[in-house]
Structures are given as C-alpha cells and as structure tokens.
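Breakdown of the fold
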Amino acid sequence: MICEDDHTNQNDYLCISFVAPAADIYLNIIMEELVVKDSNGAILNDGDNVVLTKSLKVKGSSLNLKQGTMIKKIRLTSNDEEIDCKVNGTSIVLKTCFVKKA
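Please read all numbers here as calculations on a predicted model, not as lab measurements. (Residues numbered from 1 in each chain as written. Predicted model: local features only at pLDDT ≥ 70, side-chain atom pairs only at ≥ 80, totals over all residues. Heavy atoms only, no water.)

**Focus on the overall build of the chain**
When helices and strands are tallied, the chain shows 1 helix and 12 strands. The linear arrangement of helices and strands in the chain, starting from the amino end, is β-β-α-β-β-β-β-β-β-β-β-β-β. Counting the 102 residues in the chain, one finds 25% classified as buried. Partitioning the contacts of the chain with sequence separation of at least 6, the portion at a separation of at least 24 is 45%. Surface accessibility of the chain: about 7500 Å² in total, with carbon and sulfur atoms responsible for 50%. (Helix = DSSP H or I, 4+ residues; strand = E, 2+ residues; numbered from the N terminus. Buried < 20%, exposed > 50% of the residue type's maximum accessible area, 1.4 Å probe, protein only. Contact = heavy atoms within 4.5 Å. Areas by Shrake-Rupley, 256 points an atom, 1.4 Å probe, with all protein chains shown as cover.)

**Here's the deal with the environment of Thr53**
Here Thr53 lies in the loop between strand S5 (50-52) and strand S6 (56-57). Judged by its relative accessible area of 28%, Thr53 falls in the partly exposed class. Spatially, the C-alpha atoms of Thr53 and Gly68 are 6.2 Å apart, while their sequence positions differ by 15 residues.

**Some details on the side chain of Thr96**
Relative to the elements of secondary structure, Thr96 occurs in the loop between strand S11 (90-95) and strand S12 (99-101). Discounting residues that sit within four places of it in the chain, Thr96 has contacts with Val36, Lys37, Asp38, Ser39, Leu44, Asp80, Glu81, Glu82 and Ile83.

**Regarding the sheet that holds S11**
Read from one edge to the other, the open sheet built from 3 strands follows the order S9-S10-S11, with strand pairing classed as antiparallel. The open sheet is flanked by strand S9 (75-76) and S11, the only strands paired with a single partner. Here strand S10 (residues 82-87) pairs with S11 via 6 bridges, running antiparallel. Bridging across to S11, Ile83 finds its partner in Leu94. (Pairing = 2+ DSSP bridges.)

**Regarding the pairing of S10**
Every other side chain in a regular strand lies on the same face of the sheet, so the side chains alternate between the two faces. Examined bridge by bridge, S9 and S10 share 2 bridges and lie antiparallel to one another. Residue pairing across strands places Leu76 opposite Ile83, the latter belonging to S10. From the end of S10 to the start of S11, which pair antiparallel, there are 2 residues, and Asn88 there has a positive phi angle of about 55°.

**Focus: the sheet that holds S5**
Read from one edge to the other, the open sheet built from 3 strands follows the order S8-S5-S12, with strand pairing classed as antiparallel. Since the sheet does not close on itself, it has two edges, and those belong to strand S8 (70-71) and S12, each with one partner. Here S5 pairs with S12 via 3 bridges, running antiparallel. If you follow Val50 over to S12, its bridge partner there is Lys101.

**A look at the confidence of the model for the chain**
The predicted model of the chain averages 79 in pLDDT, with 69% of residues at 70 or higher. Confidence drops under pLDDT 50 across residues 5-18; counting only partners more than four residues distant or on other chains, this segment forms 20 contacts. (pLDDT = per-residue confidence, 0-100.)

**Focus: the pattern of salt bridges**
Throughout the structure, instances matching the rule amount to 2 salt bridges. One salt bridge connects Lys101 with Asp48, and the closest N-O pair in it is separated by 3.5 Å. Remark: Asp48 occurs in the loop between strand S4 (43-44) and S5 and Lys101 occurs in strand S12; sequence separation between them is 53 residues. Asp48 sits in the buried class, given a relative accessible area of 15%. Asp84 serves as the salt-bridge partner of Arg75, at 3.1 Å between the closest nitrogen and oxygen. (Salt bridge = Lys/Arg side-chain N within 4 Å of Asp/Glu carboxyl O.)

Below you can see the structure in the form of structure tokens.
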C-alpha cells in the first residue's frame, strides 16, 4: 500500500493522514492584522473595558442594556465590527459602534 497524499505517512498497512495547521496559522494572521475600533476610533484589545453609548434591547432575550453600562473583559472576534462579552452572566455579541473604551 502506497500513500499518495503529501500529508500522509505509511505505517505498515495503515496510512496516517496529518492535517496541516494552515487554518490555525491563517486565523492567527487574521487576528494579528485585525484592528478593532470603538465608536470614537480608539483601538480595542482583548480584556478591555467598554461603556455602552446607547441603550440596547438584546434580541431573543428580555435583557435591556442601558446607556452607560460598563462591560468588563471584552473578547475580540474575527469580525472587526463585533466584540464578545458577558453582561449579567449572559454571553452576548455587541457591535463596536455602540461602545466606547472606558
């Protein structure tokens, strides 16, 4: 038995396939080049604290977020217009146009 793929290795009668880490490398490159800015143009980073600039109703929930609410320890997503955070124990995604860096 001959393994014909570049990412395989012949081990007796078993061809073992190796997954190239290209997707992980690509994601790291995207995250390094990704610049996330708040509504005032300040650059946001993982772990920053932000304040809501507008009162928001959360879709699919009875949660209402009021203007001026402090949100701690944000996480950046692969989209430069969104951040991931927890508010009152609920994990939500917010648009960066509704927050400013605290």
